[in-house]
Each structure stands twice: as structure tokens, then as C-alpha cells.
Amino acid sequence: MVQKYQSPVRVYKHPFELIMAAYERRFPTCPLIPMFVDSDTVNEFRSEDGAVHVIERRCKLDIDAPRLLKKIAGVDYVYFIQKNSLNSRERTLHIEAHNETFSNRVIINEHCCYSVHPENEDWTCFEQSASLDIKSFFGFESTVEKIAMKQYTSNIKKGKEIIEYYLRQLEEEGITFVPRWTPPATAPSLETSLSCKKPAASLTVVVPDPALKEGLSSEPLSTPSGAPEPTAGTPDDKLDADYIKRYLGDLTPLQESCLIRLRQWLQETHKGKIPKDEHILRFLRARDFHIDKARETMCQSLTWRKQHQVDYILDTWRPPQVLQDYYAGGWHHHDKDGRPLYVLRLGQMDTKGLVRALGEEALLRYVLSINEEGLRRCEENTKVFGRPISSWTCLVDLEGLNMRHLWRPGVKALLRIIEVVEANYPETLGRLLILRAPRVFPVLWTLVSPFIDDNTRRKFLIYAGNDYQGPGGLLDYIDREVIPDFLSGECMCEVPEGGLVPKALYRTAEELENEDLKLWTETIYQSASVFKGAPHEILIQIVDASSVITWDFDVCKGDIVFNIYHSKRSPQPPKKDSLGAHSITSPGGNNVQLIDRVWQLGRDYSMVESPLICKEGESVQGSHVTRWPGFYILQWKFHSTPACAATSLPRVDDVLASLQVSSHKCKVMYYTEVIGSEDFRGSMTSLESSHSGFSQLSAATTSSSQSHSSSMISRWRFC
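Treat the numbers as computed from the prediction; the structure is a model and nothing was measured.

Before going further, it helps to spend a moment on the overall build of the chain. Helix and strand counts for the chain come out as 20 helices and 25 strands. Taking all 719 residues of the chain together, 50% fall into the buried category. Considering only intrachain contacts with a sequence separation of at least 6, the fraction spanning at least 24 residues in the chain is 77%. As presented, the chain carries roughly 35,000 Å² of accessible surface, and 52% of it is formed by carbon and sulfur atoms.

Now for the packing of aromatic side chains. Tallied over the entire structure, the rule returns 22 aromatic pairs. Between Tyr23 and Tyr114, the ring centres sit 5.7 Å apart and the planes meet at 55°, which makes this aromatic pair tilted. In this pair, Tyr23 is assigned in helix H1 (residues 16–24) and Tyr114 in strand E7 (residues 106–116), connecting sequence segments 91 residues apart. Note on Tyr23: relative accessible area 2%, which makes it buried. Assessed through its relative accessible area of 2%, Tyr114 is described here as buried.

Following both chains from N to C, one finds helix H5 (residues 241–248) and helix H7 (residues 277–286) inclined at 75°, their axes separated by 11 Å at the closest point. Viewed along their axes, H5 and H7 adopt a mutual orientation that is roughly perpendicular. Residues Tyr243, Tyr247 and Leu248 of H5 touch H7, and the partners they reach there are Asp277, Glu278, Leu281 and Arg285. For the contact of H5 with H7, the class distribution of residues is four nonpolar, no polar and three charged.

Here strand E5 (residues 78–87) pairs with strand E6 (residues 92–99) via eight bridges, running antiparallel. Paired with Phe80 across the bridge in E6 is Asn99. Between E5 and E6, which pair antiparallel in sequence order, lie four residues; one of them, Arg91, sits at a positive phi of approximately 60°. With seven bridges connecting them, E6 and E7 associate as antiparallel partners. Residue pairing across strands places Ile95 opposite Cys112, the latter belonging to E7.

So, on to unusual backbone geometry. Cis geometry marks the peptide bond from Phe27 to Pro28; its omega dihedral reads 5°. Within the secondary structure layout, Pro28 lies in the loop between H1 and strand E3 (36–46). Of note in this structure, Arg91 is not a glycine but carries a positive phi near 60°. Tracing the chain through its elements places Arg91 in the loop between E5 and E6. Non-glycine residue Ser488 carries a positive phi angle of around 70°. Taking relative accessible area as the criterion, Ser488 reaches 61% and is therefore assigned exposed.

Within the largest apolar cluster, 62 residues are counted, with the highest numbers of intra-cluster contacts made by Leu323, Tyr327, Leu354, Ile434 and Phe441. When residues in this core are grouped by element, the largest group, nine residues, is from helix H12 (residues 360–385). Of all hydrophobic cores here, the second largest spans 40 residues; its members include Ile19, Met20, Cys59 and Leu61.

Pairs can form between side chains of opposite charge once their charged atoms are near each other. Counted under the stated rule, the structure contains 32 salt bridges. Here Arg377 and Glu373 are joined by a salt bridge, their closest N and O atoms 2.9 Å apart. Taken together, the residues Arg377 and Glu373, both in helix H12 and four residues apart, mark about one turn of the helix. Under the relative-accessibility criterion, Arg377 is labelled partly exposed at 27%. The exposure class assigned to Glu373 is buried, which follows from its relative accessible area of 14%.

Once that is clear, we can look at helix H8 (residues 291–307). With 17 residues, H8 should reach 24 Å at 1.5 Å per residue; the first-to-last C-alpha distance of 24 Å fits that figure. Those residues of H8 not exposed but buried are Ile291, Ala294, Thr297, Met298, Ser301, Leu302, Trp304 and Arg305. Buried positions in H8, seen along its axis, are confined to an arc of 160° and lie on one side of it. Residues of H8 that are exposed and point over 90 degrees away from its buried face: Glu296, Lys306 and Gln307. Buried residues in H8 make contact with helix H6 (253–269), H7, H12 and helix H13 (408–424). Directly beyond the C-terminal end of H8, a positive phi value near 55° is found at Gln309.

This paragraph deals with a nonpolar patch on the surface. Taken together, the side chains of Leu68, Ile72 and Phe138 define a hydrophobic patch exposed on the protein surface, amounting to about 280 Å² of accessible area. Following the sequence through the fold, Ile72 ends up in helix H2 (residues 67–73).

Our next topic: the sheet that holds strand E10 (residues 340–344). Judged by pairing direction, the sheet is mixed, and its five strands sit side by side in the order E9-E10-E11-E12-E13 without closing on themselves. Looking at the sheet topology across the chains shown, the edges are occupied by strand E9 (329–334) and strand E13 (460–464). For this sheet, the mean angle separating the axes of adjacent strands, direction not counted, is 20°. By the bridge criterion, four bridges tie strand E12 (residues 429–437) to E13 in an arrangement that is parallel. From the neighbouring strand, Leu432 faces E13, where its bridge partner is Phe460. Strands in contact with H12 are E9, E10 and strand E11 (392–397); relative to E9, the strand with the most contacts, it is inclined by about 5°.

This part is about the confidence of the model for the chain. It should be kept in mind that the predicted coordinates are not to be read in detail where pLDDT is low. Mean pLDDT over the chain stands at 81; residues scoring 70 or higher make up 79%. Element-level mean pLDDT values for the chain span from 39 in helix H20 (residues 695–704) up to 97 in E10. Low pLDDT, under 50, characterises residues 644–650; the predicted model gives this stretch four contacts beyond four residues in sequence or across chains.

This part takes up the pairing of E5. Of all 10 residues in E5, seven are buried; the element is thus mostly enclosed. Bridging between strand E4 (residues 52–61) and E5 involves 10 bridges; their strand directions are antiparallel. If you follow His53 over to E5, its bridge partner there is Leu86.

Moving on to helix H3 (residues 141–172). The end-to-end C-alpha distance of H3, which contains 32 residues, comes to 46 Å, matching closely the 46 Å that a straight helix rising 1.5 Å per residue would cover. Its maximal kink placed at Gly159, H3 deviates by approximately 35°. Gly174 sits one or two positions beyond H3 and adopts a positive phi of about 85°.

For the rest of this paragraph, the subject is the environment of Val37. Inspection of the secondary structure puts Val37 in strand E3. With a relative accessible area of 31%, Val37 lands in the partly exposed category. C-alpha separation for the pair Val37 and Ile63, spaced 26 residues apart in sequence, amounts to 9.9 Å. With sequence-adjacent residues up to four places away left out, Val37 is seen in contact with Thr29, Lys60, Leu61, Asp62 and Tyr77.

Examined against the element boundaries, Leu314 turns out to sit in helix H9 (residues 313–316). Along the chain, Leu314 and Ile370 lie 56 residues apart, while their C-alpha atoms are 8.9 Å from each other. Not counting the four nearest positions on each side in its chain, Leu314 is found in contact with Ser369, Glu372 and Glu373.

Tracing the chain through its elements places Arg431 in strand E12. Residue Arg431 is classed as buried on the basis of its relative accessible area, which comes to 14%. One polar contact links Arg431 to Asp337, side chain to side chain, over a distance of 3.5 Å. Once you skip the residues sitting within four places of it in the chain, Arg431 turns out to touch Asp335, Asp337, Arg339, Trp392, Thr393, Cys394, Lys459, Leu461 and Tyr477.

The rules behind each value
Residues numbered from 1 in each chain as written. Predicted model: local features only at pLDDT ≥ 70, side-chain atom pairs only at ≥ 80, totals over all residues. Heavy atoms only, no water. Helix = DSSP H or I, 4+ residues; strand = E, 2+ residues; numbered from the N terminus. Buried < 20%, exposed > 50% of the residue type's maximum accessible area, 1.4 Å probe, protein only. Contact = heavy atoms within 4.5 Å. Areas by Shrake-Rupley, 256 points an atom, 1.4 Å probe, with all protein chains shown as cover. Phe/Tyr/Trp six-rings, centres within 6.5 Å; stacked < 30°, edge-to-face > 60°. Axes fitted to C-alpha atoms, helices over the stretch in contact; angles between N-to-C directions. Parallel < 35°, antiparallel > 145°, perpendicular 65-115°, else oblique. Nonpolar A, V, L, I, M, F, W, Y, C, P; charged D, E, K, R; others polar. Pairing = 2+ DSSP bridges. Core = buried A, V, L, I, M, F, W, Y, C linked by side-chain atoms within 4.5 Å. Salt bridge = Lys/Arg side-chain N within 4 Å of Asp/Glu carboxyl O. Expected span 1.5 Å × (residues − 1). Arc of directions from axis to C-beta. Patch = residues over 30% accessible without salt bridge, like charges linked within 9 Å, V, L, I, M, F, W, Y side chains within 5 Å. pLDDT = per-residue confidence, 0-100. Bend = angle between axes of the 7 residues up to and from the residue. Polar contact = N/O pair within 3.5 Å; in protein donor to acceptor, adjacent residues only side chain to side chain.

So, in C-alpha cells, the structure goes:
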């Protein structure tokens, strides 16, 4: 595989002639480059007018390689041929170099160019490119490639330092100006006349300002002299090294090369807006600067952006009022590193209500607008703080989080949002602070974490209870004066408080008819009928202790009692109640009974949770960390209203309830899922590694599996 390198444009704020005087001092050898042992002039040519000077040198290099490798190769030194072509008239120096040693096994080519800055004739630009192709090298191809790239990048870093070193040396000698070449008074020779007719080599340098760009597209920056700049996105567009350091950060030479090459490829092949340099860099970082992988994912993202008009979302789309009122999230100042800070009060947010009121698409579009706003704020903060800021910090408060957040259509919507954001906004999350994580959080984490990229997960810091107030907590990342008031801070936070979405805002059944939500819900949820004397029961077999049983059900009609039992032996095969005793059919759901009538509670099976009475219209979510392997039975049982005392008049609620269940029939829609003990323990381990303070929550969750009160249950009215 051919390795390629392309440098950014490096600018010396000195005239070309002075730079050339400093450059020539590198020969015949340079003490600042230890590997450069010596050089001999092989050929030399100078035109009659002195404008063109071509010199060819044979350079002797002492490569820093293992002694064994040198012995196998049979060489102590490596020789390169370097050809320098100086044109004083055009004020350019072109340098071409290739290896002489092992040229049949390894092919190394390098091209460098010094030229006058297009906007300031007293400045000099430098640019270089190189390629490495190892055909064969005694079975050490990979080793040689690593050594070559290491040596090359090391010398690249020193290049500007060496020129500046010799510039200082010249200054110490009193040389601060070198006159430009002027043609001799005599008539020019034929050769000189021909060279005069050659077009001058040009190098266009564009230093883009992120503040002037729209969306993710590049825009030109006007020059100080007022001359028009080439439109960004053209092949002439070059990146300046100082611009990279100021707006993109400190990159290694190879990282700079990857950025420039991918950017150039987009300019040459992509039709439409070219992403900003910051965004290209994000895709490269997400793929560890593997150009082919970054190119593939970026092209997919650009297609997606065009299809969904994401570039215009901030200007053309306004979130529905229900989102503005009940989506408990918003931007809030910045963290100590200057990153924009987004606050999300997830525990106070009614995810089920938002999905039922708006649908998955509206929620996704709102999250996309948040990400687009985040990109814009990063650019603003880069200008304000004078350093590159390409990501934001997210603070998630989980106070109030409970099992209702495990409503499966809501979890599905969350997973889709994560998938879209991960694919199209890589490396935008700088840090995620999760505060006041409750005991239910590990269950949600186990469901969601497999869909989060490993690099992103490493940015999570999770705090249980009030751990965020202690050492290593929130004050390490956010200034005291901007900590939100709901976290005991002094700064008023204008993020909506969330709350339950009124059922009046829910979409009707007709509106849901063609929605994915309804189809998906009907696919995973099962319906069951519950009768007086005929509960509905399902069997879950647990092989490993510490597995987690989760459930999510709606009580559509009547009141029920929810129970969980454990048995060491399997019940008989399920039998469907004929319901003949009730003279009632069950067209809308099934009814299965597993517990044999001859079984005795306490002998054949045991109750592992206290009975939970659930009223009509309630939505219940919960989980149970299993203590033993065996068979667990989830039971929905008809709830009879207790008879009132003889001396008391019937209550209105009791009368209404008796009328509603006069048929002695209840109906539930339910969904269950088991999280294996290995997956659950793995998620706990990843949580503990996110922050040491989470160990308390981990211990609490683990210890709960050793008791009979290990359920985490929430319920709320859904209709």
C-alpha cells in the first residue's frame, strides 16, 4: 500500500530571498538534523543571467533503525538524490528527492516548493508532498514502513524550526535583507528569453474564517488588499498551517496530511457544499484518521444532510409548542474549557407523552436542530476564547428517572436518535456529565450502551446521588457561578422543567394509523384478558442469577393486581382457560394460567415481590434483579374492590368502579424482556469505570438482588 503525505502551507513572514539564504546553510550538512550526515554535489547548472540555478546533491542519511535490520539489509547509511531548481526571476524553489538505496525494493518520492505568498510579496510559502511504496524488504515491510514514517514526520516538525534557526543566525551576522534578482544589463540569451516566457508558478493560500461560513459549507475570505479570493472548494484552495493551529488545534504532520488530502478529494469530486474543515476533522478523528473509512462515512452523511435539508433546519424549522414547553433541555453558558454547555433534565421529561403527542420524527428533528445549534456555538466560542473548540459538554440530570422511561417505543426512539447522531455528528460530544443517577439507571444503560460508540462512552462521567458535589465532581468542569439552581447552584437556569404532557395533546388513533409507532407497538406488545378467578400468567426461565426481568404494561380496562413468583420447578404446559364458567369470550387477548391449583404458596412457589395494585388507565414499568435461577411467573390478576363496612355508605368511586368492571373482565397490553446477567454485569462494570463515584450506585443495585425488594417500578396515568 502506498503511503502519501501532503503538508499544509507553512508561511514564513520573511522575503523569499532571505529564506533562500537561510535554506542554503543546511548544506553540505545540518547539525540540527542528526540523521543528515553529509551531502555531495553531483551536478550543477546556472543560467547565463543567473536567474536559474539547478543543483543535484547525493545526500547521506543515518537512519535510526534497529542494528539487526541494518545488518540484514547490509547497509549502514541510506543515500538520497535531491534536485533543487531555483528560479530567482519567478522567486520559486522546487525540490525533488528520491531514494537511491534499495530503489528496487522501496520507492520514496518527495516534492517541496518555496514560493512567494500571493497576498504579501514579502512573505514566503512552503509546501511539500511525499509518497512511500514498499515493494519488499526481507519480510520487514511493516517495520520499515513505520520507521520511515516516524523519521519523515520527525523531520517535518523540525523543518520550520531549522529555517528560523538560520534566519536568527543571519540576523546575528547583520544580514536582514537580501536583494532580489535583477536581469543583467547585457542582452539576454536565448535560454533566458525562453525562460521569461514561462508562466509564473502560483500558489494560492486561503485562510478561511469559520465565522463567515454557513451551515457546514466553506466560504471565501476576502484578502487584506481587497483582491478577490478563489471560491472555497476549488482545487486551488490551500490550508495554512497557522490557520490549522488557530482554528483546528495541534495536529501531527500525518493528521494534517489526512485532513488536506480528504479536503482536496471533496473539492475535486463532491458536488454541492463542501463541509467545513472542523467537520471534516471530526470524521477523521472518529475513524482514527483512516482516510478511506472517514471518506465513506462522510459521503453518506453528506447525502443524508441533502436529503433531509439539514443545512437549513435552523432557518426554516420551528419546533412545535409542545416541545418548547415539555422538552426539558436547553443551552446554558459554557464549561471551564469553553465548550458550549447543554443541560438536559431527562428525569423530569415525559418521553412517552412526547412520543405520543409528536411522534418519533418530530423528536429526531428537534435533536438535529440542537446539534446544528451546537456546531454554531462551537464556532462562536472558538472566536471568543481564541482557541479551537469543536465539541460541547452535555449535563444530564437524572433526578426523577424511573421505570416509566423504559417505555419501549420511547427507548426505540432514543436508540434511533443515538444512531443518527453518532453517524452524522461524530466527535461533537466533548464530555457527558450524568448526575443523580438513580438505582434504575443501570437497566436503562444496559439497553442503550451497546448502541453508543466506544470513543463516546469514554467521555461519560456518571455520579450517583450527591457525589457530583464532592471532589472530582461538577466544580472540576463547570465554574461555580454557572452551576444551575436546581443543582444547588446560584445561576438561574431557563431550561423548561418538563412534566407530564397533557393527554389532550396526544394524537388520535386516526392520526396514528399510518405511524411507525403504532405498527411497532402492536408488533412487540401482547394483549391479555384477565377475568375474576382467571389471571393471566407468563413464564420466564432464568439460568443465571442476577439477571434482570423488565416489564412494561398498560392497564387498558379494569383494575388488576400484578405479582411475581419464583418456582424451582417448571409448571405444567400452559393451558388456555375455556372461560366456560364465565360465559365470556376473549376476542381482544389471550388468557393463560400456569400455576396449578394444587400448588401451595410457600411450598411449591414463593412470592418475590409485594403485590402491586394497578388502576385502569395506568402505565407501569418495572424491573426485578433475580436472586436465584429457576422459573419466574409474572401474573396479572383481577382486583376486586373490597366491600364497604356495613355502617358506611358505598363510595362514589367504588360504585363507578363496579359499573366499569361489571363484566368481571380486565385487559392489559404488556411487553417483557430479560437482560442476561453477563450483559448486566458488563454494563455495571462500564459504569464503574466511567466514574468512581458510581460505585455506590453499583453496590446498591447489586445488593438489591440479594433481597426480596429488588424491584424498581413506576406507574402513571396514560389516558
